[in-house]
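Spelled out from the first residue to the last, the chains are:
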Amino acid sequence: MSRKTDFESIRKAISTSIQFSSPKAIVAEGDSLHLLSLLPDHSVSLILTDPPYHATKKKNIFGDKSFAEDSHYLAWLTQYSKEWRRVLKPNGSLFCFCASEMAARIEVAFSKDFNILSHVVWTKPNDPGFDGWKQKMKKEALRQWYAHTERIIFAEPGHEGNLHRSYFGNFLREVREQAGLTMHQLTAKIGAHGKVNHGGAVSNWEAGRNTPSPDQYKKICQAILETRKVKKMPVYEDVIRAFKVDASKEFTDVWNFPSVRPYKGKHPAEKPLAMLEHAIAATTYPGDIVLDCFAGSGGTIYAASKMGRYSIGMEIESKWVRRIAGHLKSQNNPFKECLVQLSAPLDKPKKAEPQLALFP
């Protein structure tokens, strides 16, 4: 099924809640847990989302003070985890922003449905005066290290059946066995011999240790189809999780993107567009579908749209839905200029530069 077909199926599923709709973007109003339940299985390529942190207890963030106990918050977030696992494509990815105080427990909760791949630390290297309470607070009053960073959990859907719960590992084993080939025979056909084990690269792929390159996958398809026991093989983008970085970008699990500076009407949890673009560029293919269940200021929608991806934003607060929809509908969208100005910081930041407001 094509991404466009998936997107249209999603549009139909949540049609009664849509407040803005374009050929490649949707903004829906309502409780995202309910909206998620309406989405078709395996229809989304990337979930990039920023739920209430709970630990911060901010009055101006919807849901941030809704839970009396940490366990209540974790139970609520686990419901999302199960829905995210269902709606994500088997080779999809998840980014979930969270507070440092809750990150470890969230990882444990998510690990039932996901393989936790990275625990990203967002350092927020802001200039003095634009770094929250870091400069203002009385350091002598601290009883623990000041929580200046935020965390981002990066994960993929977990699939039982091999050492690393890899979707592609299971897929390759199934088609190889259907084709009547041993690991050694498939390795010989594609020339991917290992120095230690006879199964070579095929053994590693089926265990989920790594994945083939596009050229290697092309050879796999040719070898499998030559047996005439398998009629069709899916395209690379439908079985291999997207992940592309290089030395010019943030490639470690420490991200140095400055926060969005305060401005009138700023969403209290707004994330820098450059960071959202970086996440999308690294973990999606062109034309993939990106979902944000807590759309807030709309940054994920704008970043995905700018990069040629389909985007779906879900938001429970009407004022933010109206604002996102209004700017998307505008023929003279003031955000267009910001998109151009913020495209450059995809390269690895060398110096903390202020992030422009989404809505100046």
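Residues numbered from 1 in each chain as written. Predicted model: local features only at pLDDT ≥ 70, side-chain atom pairs only at ≥ 80, totals over all residues. Heavy atoms only, no water.

Participant: Got a sec to walk through the overall build of the chain? Specific residues and values, please.
Facilitator: Summing up its helical and strand segments, the chain has 12 helices and 9 strands in all. For the chain, the residues scored as buried account for 51% of the 360 residues in total. A sequence separation of at least 24 residues applies to 71% of the contacts in the chain between residues at least 6 apart. A total accessible area of about 17,500 Å² is found for the chain, and carbon and sulfur atoms account for 53% of it. (Helix = DSSP H or I, 4+ residues; strand = E, 2+ residues; numbered from the N terminus. Buried < 20%, exposed > 50% of the residue type's maximum accessible area, 1.4 Å probe, protein only. Contact = heavy atoms within 4.5 Å. Areas by Shrake-Rupley, 256 points an atom, 1.4 Å probe, with all protein chains shown as cover.)

Participant: Before we move on, can you summarise the nonpolar core with the specific residues and values?
Facilitator: Across soluble globular proteins, nonpolar side chains have a tendency to be buried as a group. Ile 14, Leu 39, Trp 84, Ile 106 and Leu 291 are the most contacted members of the largest nonpolar core, which totals 39 residues. With 7 residues, the single largest contributor to this core is helix 3 (residues 70–87). Residue contacts for Ile 14: discarding those within four places in its chain leaves Ile 26, Ala 28, Leu 35, Leu 38, Leu 39 and Ile 312. Counting residues in hydrophobic clusters, the runner-up holds 24 residues, among them Leu 172, Val 202, Ala 242 and Tyr 285. (Core = buried A, V, L, I, M, F, W, Y, C linked by side-chain atoms within 4.5 Å.)

Participant: Could you give me a rundown of the state of the cysteines, with the residues and numbers involved?
Facilitator: Within this structure, the stated rule accounts for 0 disulfides. Free of any disulfide, Cys 96 has its nearest neighbouring cysteine sulfur in Cys 98, separated by 5.9 Å. Judged by relative accessible area, Cys 96 falls into the buried class, the value being 0%. (Disulfide = S-S within 2.5 Å.)

Participant: If you had to explain the pattern of salt bridges to someone new, which residues and values would you point to?
Facilitator: Counted by the stated rule, this structure contains 16 salt bridges. The partner of Asp 288 in a salt bridge is Arg 3, and the shortest N-O contact between them spans 2.8 Å. Here the residue Asp 288 occupies a position in the loop between helix 9 (273–283) and strand 8 (289–292), and Arg 3 occupies one in helix 1 (residues 3–13), the gap between them amounting to 285 residues. For Asp 288, a relative accessible area of 3% puts it in the buried group. Asp 70 is the partner of Arg 105 in a salt bridge, and the nearest nitrogen-oxygen pair spans 2.9 Å. Remark: Asp 70 occurs in helix 3 and Arg 105 occurs in helix 4 (residues 100–110); sequence separation between them is 35 residues. A network of salt bridges, in which partner residues are shared, links Asp 50, Lys 124, Glu 150 and Lys 271. (Salt bridge = Lys/Arg side-chain N within 4 Å of Asp/Glu carboxyl O.)

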